[in-house]
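One-letter residues, chain by chain:
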Amino acid sequence: ILNSYRLQVTSGRILHSRLDLLPCGGLSLLKLRHGYGADLSIDPDCQCLDGYYLLVLPTQGQAVFYFDGQRIEVSPNQAFLISPDRRFYFSVSHDYEQVLLRLDQPAIPDAWRCLTAQEQAPDICFDAVIPLYSAGWQALLPMLQWVIRCSGMSQDQNIAQAALLAQTEMLVATTLLLHQPH
């Protein structure tokens, strides 16, 4: 689901960690708390996201993301989009918690080709910060709510909803291309 990473306790003591995964068709929705009770430094083993984009929605606490040499203060008042194949690591406070939406990397070039009718898509690296008041966030919000409602739903429960959920990955990718600077 996510890359392996190196975790270093910078202060405190880890009391517990938590990862909840909800299946959502071609998307993955995760709720993650790396180490409640300790401030941590986290560095993916490959130093980047390998083959996926990650929409990060902080729900509590503070963090600092280091993305392509840029330092970004992270808090629940903004969303963040981490692009693959770019240097990335971060540190988190003892109470940091986040919801993540994992989008497979091929979804973005597939959406690009559908939008442009071109056979080749460039490598896309999105701006990391998504202000919650922006048009891009407002366009993403209904899709994220839909993913949450449909998470864990088996295809035999409701064929129509399952078919629509299968298109949600393309909608998320298209929305990011149209609204999030890259």
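Residues numbered from 1 in each chain as written. Predicted model: local features only at pLDDT ≥ 70, side-chain atom pairs only at ≥ 80, totals over all residues. Heavy atoms only, no water.

### A short note on the confidence of the model for the chain
The predicted structure's coordinates, where accompanied by low pLDDT, should not be read in detail. Worth spelling out the cut-off: Values of pLDDT, the confidence the predictor places in each residue, fall between 0 and 100. Put simply, DSSP marks the helices as runs of H or I at least four residues long and the strands as runs of E at least two long, and each gets a number from the N terminus on.
Mean pLDDT over the chain: 85, with 90% of residues reaching 70 or higher. The element-level mean pLDDT for the chain is lowest in helix α3 (residues 159-179), coming to 82, with helix α1 (residues 107-116) highest at 95.

### Some details on the nonpolar core
Operational definition: What we call a nonpolar core is a set of buried Ala, Val, Leu, Ile, Met, Phe, Trp, Tyr and Cys residues that are connected through their side-chain atoms within 4.5 Å. Buried, partly exposed and exposed residues are distinguished by accessible area as a fraction of the type maximum, computed with a 1.4 Å probe on protein chains only: under 20%, between the cut-offs, and over 50%, respectively. Whether two residues touch is decided by their heavy atoms; if any such pair falls within 4.5 Å, the residues are in contact.
Among the nonpolar cores identified, the biggest contains 26 residues, and L55, L103, I108, F126 and L176 are the most heavily contacted of them. Looking at this core, the elements that each hand over two or more residues are β2 (27-44), β3 (52-60), β6 (78-82), β8 (97-104), α1, α2 (135-150) and α3. At 5 residues, α2 tops the list of elements feeding residues into this core. Every residue in contact with L176, bar those within four places of it in the chain, is listed here: L81, L103, I108, F126, L140 and H182. Among the nonpolar cores identified, the runner-up in size contains 22 residues, and L40, F80, F88 and Y96 belong to it.

### Quick word on the side chain of Q98
Inclusion rule: By the criterion applied in these results, polar contacts are pairs of N or O atoms within 3.5 Å in which, for protein atoms, one can donate a hydrogen and the other can accept it, and in which residues neighboring in sequence qualify only through two side-chain atoms.
Of note, Q98 is situated in strand β8. Within the local environment of Q98, its side chain forms a polar contact with the side chain of H34, the two groups lying 3.4 Å apart. Beyond its immediate sequence surroundings of up to four residues, Q98 is in contact with L30, K31, L32, H34, V56, L57, P58, T59 and F65.

### A word on the pattern of salt bridges
Where we set the bar: Any Lys or Arg side-chain nitrogen found within 4 Å of a carboxyl oxygen on Asp or Glu counts as a salt bridge.
Scanning the model with the defined rule gives 8 salt bridges in all. When the shortest N-O distance is used, the salt bridge between E97 and R33 registers 3.0 Å. One end of the pair, E97, is in strand β8; the other, R33, is in strand β2, and 64 residues separate them in sequence. Since its relative accessible area comes to 10%, E97 is described here as buried. For R33, a relative accessible area of 11% corresponds to the buried category.

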